[in-house]
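Listed below are the residues making up each chain.
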Amino acid sequence: QEQLVESGGGLVQAGGSLKLSCAASGFMVSNYVLGWFRQGPGKEREFVARIARNSAGTYYADSVKGRFTVSRSNVQRMMYLQMDNLKPEDTAVYYCAATTRIFSRADTSDAYPIWGQGTPVTVSS
């Protein structure tokens, strides 16, 4: 069964860092574009970052560009999100997701059929 499991969320002060992990199982992860999304309190789910199948390309939301870094290891079947200089507005549940769409078309949540359960991140001011 296709499965994604996030970990690494928690409570951090503004300006701090966290690294999220996403473990994939039940499918050939190297064939998938992987993405991170988040949903803050009272907000809709929004795109954060995505990474191409062979890590050749990455793309970030403007709100996190320069602060967040997405990476992956197909051998370990893992994806990561290094989050630096965190802000209170980064508070959200973070989800990882997978899609077989081409990288340039994997820009919205409805492009992703496989989702994890989410890991919460709280940034205090």
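Just above, that's the structure.
So, how was this worked out
Residues numbered from 1 in each chain as written. Predicted model: local features only at pLDDT ≥ 70, side-chain atom pairs only at ≥ 80, totals over all residues. Heavy atoms only, no water. Disulfide = S-S within 2.5 Å. Helix = DSSP H or I, 4+ residues; strand = E, 2+ residues; numbered from the N terminus. Salt bridge = Lys/Arg side-chain N within 4 Å of Asp/Glu carboxyl O. Buried < 20%, exposed > 50% of the residue type's maximum accessible area, 1.4 Å probe, protein only.

A separate point is the state of the cysteines. Scanning the entire structure with this criterion turns up 1 disulfide. Disulfide pairing is shown between Cys22 and Cys96; the S-S distance is 2.1 Å. On the sign convention where negative is left-handed, the bridge of Cys22 and Cys96, at about 70° about the S-S bond, is right-handed. In this pair, Cys22 sits in strand S3 (residues 18-25) while Cys96 sits in strand S9 (residues 92-99), placing the two residues 74 residues apart along the sequence.

A few words on the pattern of salt bridges. Tallied over the entire structure, the rule returns 4 salt bridges. Where Arg38 meets Glu46, a salt bridge forms, and the shortest distance between an N and an O atom there is 2.6 Å. By relative accessible area, Arg38 is classed as buried at 4%. Note that Asp62 is salt-bridged to Lys65, the shortest N-O span being 3.1 Å. Classification of Lys65 as partly exposed rests on a relative accessible area of 48%. Several salt bridges converge on common partners, so that one network encompasses Arg38, Glu46, Arg67 and Asp90.

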